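# Examination of the molecular architecture
Residue-level listing of the chains:
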Amino acid sequence: MGGTMKEISLLVFMIGIFLCLVGCFCLWYSRRKQKQLLDRIETMLLEAEKGELKERTFDESRMSRLEMSMYDFLHRSILSGKKLTEEERRIRQLISDISHQTKTPISNILLYSQLLTEEKLPEKAEKMAWELSFQGNQLKWLIESLMKLSRLEQEMIQVNPEPKKLFSLIRQVVSSYSDQAKEKKIRMEYHCGEEEQAFFDPKWTREALSNLLDNSIKYTPIGGSVQILVTGYPMFERIDIKDTGIGISEEEQPKVFSRFYRGQQVKHQEGAGIGLALVREIIKKQGGYIKLTSACGIGSCFSVFLPKEEQNIQEEREI
């Protein structure tokens, strides 16, 4: 009897050991399958990031169906991304072609309209000649702005930031718009320390600030004011262009930097809605960024942040 109990105990012990081993094996096998699945998904994600998703075969297991769903999603995403990239390339090429083909006709329109304005014409015809000249210049500016924006986005034009003092740049921009401000009796002033310095491309930054200042004067009523304030921070120089104009509603503020967007309050005024998109692209290419704070009937403040050190530019571009 005692021997039988020992044999039973030994058998139970052996069965327990066997079940433990089976359990450990099942756990190891399950984790191994999970790791293989995660490795395959990680590989798919890396391939998708490079746009080179390879074909795969799948079985009917639940895990494999999950993997197949992930594969299909990534495959569709890559195709959509490639299609979008191709469409953007075609649009940019179209803009480039339009710019090239319209350069000569626009120049001729401006030439002949200028000749017309110099002639002695009836009052009605004289007004038409001036309007023709104005619209021709507007069209020329629009085409040139579209080309600049397109080339910046495609990196066909290089922005070359360098350490420069801001005082001279601010003074030049303000000086070029002083007559325009005087015509509307707008008080314009600027405050910038002579030692304030940042990394920026003088030509392109001047264009960006000129666009912002032009908008501020255009949308500020007669007798208003425009201020340009430069403030130094540890990593950035901040340039505020602040006006007492019509302002921008909170709903419209996220849209104003989009191409061709025109706010409800300014649709009756001249403009194409491309200037702010160009400004944002210029500042972004230099490692900086732009912010807007505004309120209807009170005014707007566009804040441009330019990096003070070259390494900050590299960090911004990597982001």
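Residues numbered from 1 in each chain as written. Predicted model: local features only at pLDDT ≥ 70, side-chain atom pairs only at ≥ 80, totals over all residues. Heavy atoms only, no water.

## Quick look at helix α7 (residues 275-285)
Given 3.6 residues to a turn, an α-helix orients residues that are three or four positions apart in the same direction. Of all 11 residues in α7, nine are buried, a share of seventy percent or more. All buried positions along α7 are accounted for by Gly-275, Leu-276, Ala-277, Leu-278, Val-279, Glu-281, Ile-282, Ile-283 and Lys-285. (Buried < 20%, exposed > 50% of the residue type's maximum accessible area, 1.4 Å probe, protein only. Helix = DSSP H or I, 4+ residues; strand = E, 2+ residues; numbered from the N terminus.)

## Quick word on unusual backbone geometry
We note that Lys-185 has phi near 55 degrees; this positive angle belongs to a residue other than glycine. Mapped onto the secondary structure, Lys-185 falls in the loop between α5 (178-183) and β2 (187-191). Judged by relative accessible area, which is 64%, Lys-185 ranks as exposed.

## Notes on the nonpolar core
Grouped together as the largest cluster of nonpolar side chains are 42 residues, with contacts concentrated most on Leu-166, Met-188, Leu-209, Leu-212, Leu-213, Ile-228 and Ile-239. Those residues in contact with Ile-228 that lie beyond four places of it in its chain are Ile-170, Val-174, Met-188, Glu-189, Tyr-190, His-191, Leu-213, Ile-239, Asp-240 and Ile-241. (Core = buried A, V, L, I, M, F, W, Y, C linked by side-chain atoms within 4.5 Å. Contact = heavy atoms within 4.5 Å.)

## Focus on a nonpolar patch on the surface
Judged by side-chain polarity, Leu-11, Ile-15, Phe-18, Leu-19 and Val-22 come together as a nonpolar surface patch covering roughly 480 Å² of accessible area. Mapped onto the elements of the fold, Leu-11 is located in helix α1 (residues 2-50). Residue classification places Leu-11 among the exposed residues on the basis of a relative accessible area of 51%. (Patch = residues over 30% accessible without salt bridge, like charges linked within 9 Å, V, L, I, M, F, W, Y side chains within 5 Å. Areas by Shrake-Rupley, 256 points an atom, 1.4 Å probe, with all protein chains shown as cover. Salt bridge = Lys/Arg side-chain N within 4 Å of Asp/Glu carboxyl O.)

## Regarding the sheet that holds strand β4 (residues 225-232)
On the basis of which strands lie adjacent, the open sheet formed by five strands has the order β2-β4-β5-β7-β6 and mixed pairing. In this open sheet, the two edge strands, each paired with only one partner strand, are β2 and β6 (289-295). Adjacent strand axes in the sheet meet at a mean angle of 10 degrees, parallel and antiparallel pairs treated alike. Examined bridge by bridge, β4 and strand β5 (residues 236-243) share seven bridges and lie antiparallel to one another. Within the sheet, the bridge partner assigned to Gln-227 lies in β5 and is Lys-242. Running at roughly 170 degrees to β2, helix α4 (residues 166-176) makes contact with β2, β4, β5 and β7 (299-307) of the sheet. Along the sheet, α7 makes contact with β6 and β7, crossing β7 at roughly 25 degrees. (Pairing = 2+ DSSP bridges. Axes fitted to C-alpha atoms, helices over the stretch in contact; angles between N-to-C directions.)

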